[in-house]
Amino acid sequence: MKKYITIIAIFILTCPVFTYAQDISQLAAQCAANAGDVMYLKDFVVKLEEGVPGGAPPVARFALLLSKGVVYRFSVCSAPNSEGEAVLQLFDMNTMMGSTYNSTTGTEYTRIDFKCQKTGVYHVFISFKEGKAGEGVGIMSYVKKL
Amino acid sequence: MPKAIVYLFVALAFAATSCKSGGKGQDESIEIPDSVLNEGLEISEEVMQNIVQNISSPVEMASLIKELGVPYSNKYISSTDRVGNLTTSFQQSMNLGVYAADLGYLNMYNKTSAVVDYLTAIKTLADGIKVGQFFDFTTLKRLATNSKNLDSLMQISVQSFNQMDKYLHSNKRSNLSALMVTGVWIEGLYLGTQVYKITPSKKLAERIGDQKLTLEQLMLVLEKYTQDKQYEKLLVELRTLKDLFKDVTIRYEKGEPQMIEEDGMLTIVQNDISIIEITPEQLTSIIEATEIVRNRLISF
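This is a predicted model, so every value here is computed, not measured.

Participant: How do you make sense of the packing of helix α10 (residues 202-222) of chain B against helix α11 (residues 229-245) of chain B when you look at a structure like this?
Facilitator: The angle between the axes and the distance between the axes are what describe a pair of packed helices. All names here are of chain B. Across the interface, α10 lies against α11 with an axial gap of 10 Å and an inter-helix angle of 155 degrees. Our classification of the angle between α10 and α11 gives roughly antiparallel. Every pair of crossing elements has a handedness; the one defined by α10 and α11 is left-handed. On the side of α10, the interface is formed by Q211, K212, L215, M219 and L222, while α11 contributes Y231, L234, L235, L238, L241, K242 and F245. Considered class by class, the residues forming the contact of α10 with α11 number nine nonpolar, one polar and two charged.

Rendered as structure tokens:
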């Protein structure tokens with residue numbers, strides 16, 4: 001009897017997972033479409049919990065190999081139900097190359113284009129403003145050769 | 001009472017399946033769970049986060065070749081006639097990557113008639129390793145028949161590969177994902193080197209030399225699976241190439257990044273520059289070895 005109940009519970013719990021996967025995949029497709037006249041390369045799906053007060057805001061990190069002579073476009077979209085607003089930052093080692101949000105001036109950028117001149121491993125960080133919880137997706141696209 | 005529970009179970013199973021079928025082009029056949037297949041080796045979440053993505057892309061080499069004005073040739077791509085002979089998950093994953101690179105090249109040159117053959121080959125191989133549900137064959141085939149839809153075709157096919165890749169990683173089958181990436185990379189390099197033989201250019205020579213760094217990253221990924229003899233054999237092949245790339249010099253010039261704001265967009269120009277020095281002799285050796293290694297790998 002217990003076995004049957006467990007199996008039924010698994011099926012009931014699986015359904016929302018599929019719905020979530022569809023929603024996030026639609027968000028990725030929408031975000032990629034908004035990136036402009038470019039070629040989609042990668043998406044980075046992020047779901048983060050709220051940060052601890054006084055602590056560093058939670059960040060999702062992705063390592064990427066970028067090639068010399070290519071212009072890459074990075075854009076980020078928050079899910080409609082996301083509490084926080086997503087911010088994408090691009091790092092070369094410890095140097096931040098650019099961000100979709102400048103916290104000093106409060107300026108937001110719809111997207112950032114990166115003219116890569118050095119092949120290597122770079123990192124994309126995605127977090128949510130003020131360390132809030134949130135869901136979102138970052139998109140990397142191919143713009144053109146330099 | 002137990003019978004009633006069985007009926008309820010069947011009904012709920014049906015409901016759960018209906019819930020899933022909202023996705024486009026889902027495969028209707030029964031999938032064997034990956035936990036059952038469990039062909040791969042588990043990698044911890046921490047290690048997973050550090051895995052470098054975008055090691056090879058079906059877009060970047062093909063795009064460079066197109067931008068150099070090199071005419072299309074079907075001599076550079078792998079024939080789809082071999083698909084029926086690819087029966088192991090190792091062969092299927094590797095060649096899935098190879099055909100993905102070829103598909104990128106065909107898309108770039110708007111070769112819609114050939115695209116359908118490659119989509120069919122990819123679908124067969126994806127089904128073989130139980131990731132066919134992420135390949136929306138019906139939509140892709142429809143898009144391929146209309147040259148106005150080529151951007152969408154490119155986007156959906158790249159998205160499908162990314163989904164397959166994510167699924168393999170999350171189901172303890174990262175070893176197969178590594179093979180797909182290897183397939184994309186070796187075919188991209190083969191494409192670039194074959195084009196260089198006929199139409200040499202400085203940009204392409206640089207791009208070939210630059211693969212030294214990509215190969216190092218790729219080998220780091222593959223080295224996680226050396227318990228499997230086939231992966232060791234694959235690494236032996238790649239080491240042949242690594243030895244030839246060893247003498248390619250890459251030096252760096254430091255510079256501060258430049259930021260340009262325009263229309264709500266930020267453009268960053270990197271002024272740290274890598275300079276790739278590759279001699280004609282090194283290029284010749286790499287071109288010859290790439291052809292041998294690629295032909296061996298696709299028939300592993």
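This is not the end of the story, as more comes after the structure.
Participant: I keep staring at the pairing of strand β8 (residues 111-115) of chain A and nothing clicks. Help me out?
Facilitator: Successive side chains on a regular strand alternate, one facing one side of the sheet and the next facing the other. Counting buried residues in β8 of chain A gives four out of five residues, a clear majority hidden from the surface. Relative to β8 of chain A, strand β3 (residues 70-78) of chain A runs antiparallel, the two sharing five bridges. Paired with Y72 of chain A across the two strands is F114 of chain A, which belongs to β8 of chain A. Sheet analysis places β8 of chain A next to strand β4 (residues 265-269) of chain B, joined by five bridges and oriented parallel. Paired with I112 of chain A across the strands is L266 of chain B, a residue of β4 of chain B.

Participant: Where do I start with unusual backbone geometry in this structure?
Facilitator: Most peptide bonds are trans, and most residues other than glycine sit at a negative phi. One non-glycine residue, M93 of chain A, adopts positive backbone phi at about 55 degrees. In this structure, M93 of chain A sits in the loop between β4 (86-92) and β5 (95-99). With 10 C-beta atoms counted inside 10 Å, the residue M93 of chain A sits in the exposed group. One non-glycine residue, N110 of chain B, adopts positive backbone phi at about 55 degrees. Mapped onto the secondary structure, N110 of chain B falls in the loop between α5 (89-108) and α6 (112-128). Since 13 C-beta atoms lie within 10 Å of it, N110 of chain B is described here as partly exposed.

Participant: So what exactly am I meant to see when it comes to the sheet that holds strand β2 (residues 59-66) of chain A here?
Facilitator: Each strand in a sheet pairs with its neighbour through backbone hydrogen bonds, running either in the same direction (parallel) or in the opposite one (antiparallel). The five strands lie next to each other as β5(A)-β4(A)-β9(A)-β2(A)-β1(B), forming an open sheet whose pairing is mixed. Strands with a single pairing partner mark the edges of an open sheet, and in this sheet they are β5 of chain A together with β1 (52-53) of chain B. Direction of pairing for β2 of chain A relative to β1 of chain B: parallel, over a ladder of two bridges. Paired with A63 of chain A across the two strands is V52 of chain B, which belongs to β1 of chain B.

Participant: Where do I start with the confidence of the model for chain B in this structure?
Facilitator: Any residue range with low pLDDT should be treated as having predicted coordinates unsuitable for detailed reading. Residue and element names in this part refer to chain B. A residue-level look at chain B finds 82% of positions with pLDDT of 70 or above and a mean pLDDT of 84. Under a pLDDT of 50 for its full length, residues 8-43 has, in the predicted model, 51 contacts with residues more than four places off or in other chains. As a predicted assembly, this complex carries a pTM of 0.83 together with an ipTM value of 0.81.

Parameters at a glance
Residues numbered from 1 in each chain as written. Chains lettered and ligands numbered in written order. Predicted model: local features only at pLDDT ≥ 70, side-chain atom pairs only at ≥ 80, totals over all residues. Axes fitted to C-alpha atoms, helices over the stretch in contact; angles between N-to-C directions. Helix = DSSP H or I, 4+ residues; strand = E, 2+ residues; numbered from the N terminus. Parallel < 35°, antiparallel > 145°, perpendicular 65-115°, else oblique. Left-handed = near helix turned anticlockwise from the far one by under 90°. Contact = placed C-beta atoms within 7 Å. Nonpolar A, V, L, I, M, F, W, Y, C, P; charged D, E, K, R; others polar. Buried ≥ 20, exposed ≤ 12 C-beta atoms within 10 Å, placed from the backbone. Pairing = 2+ DSSP bridges. pLDDT = per-residue confidence, 0-100.

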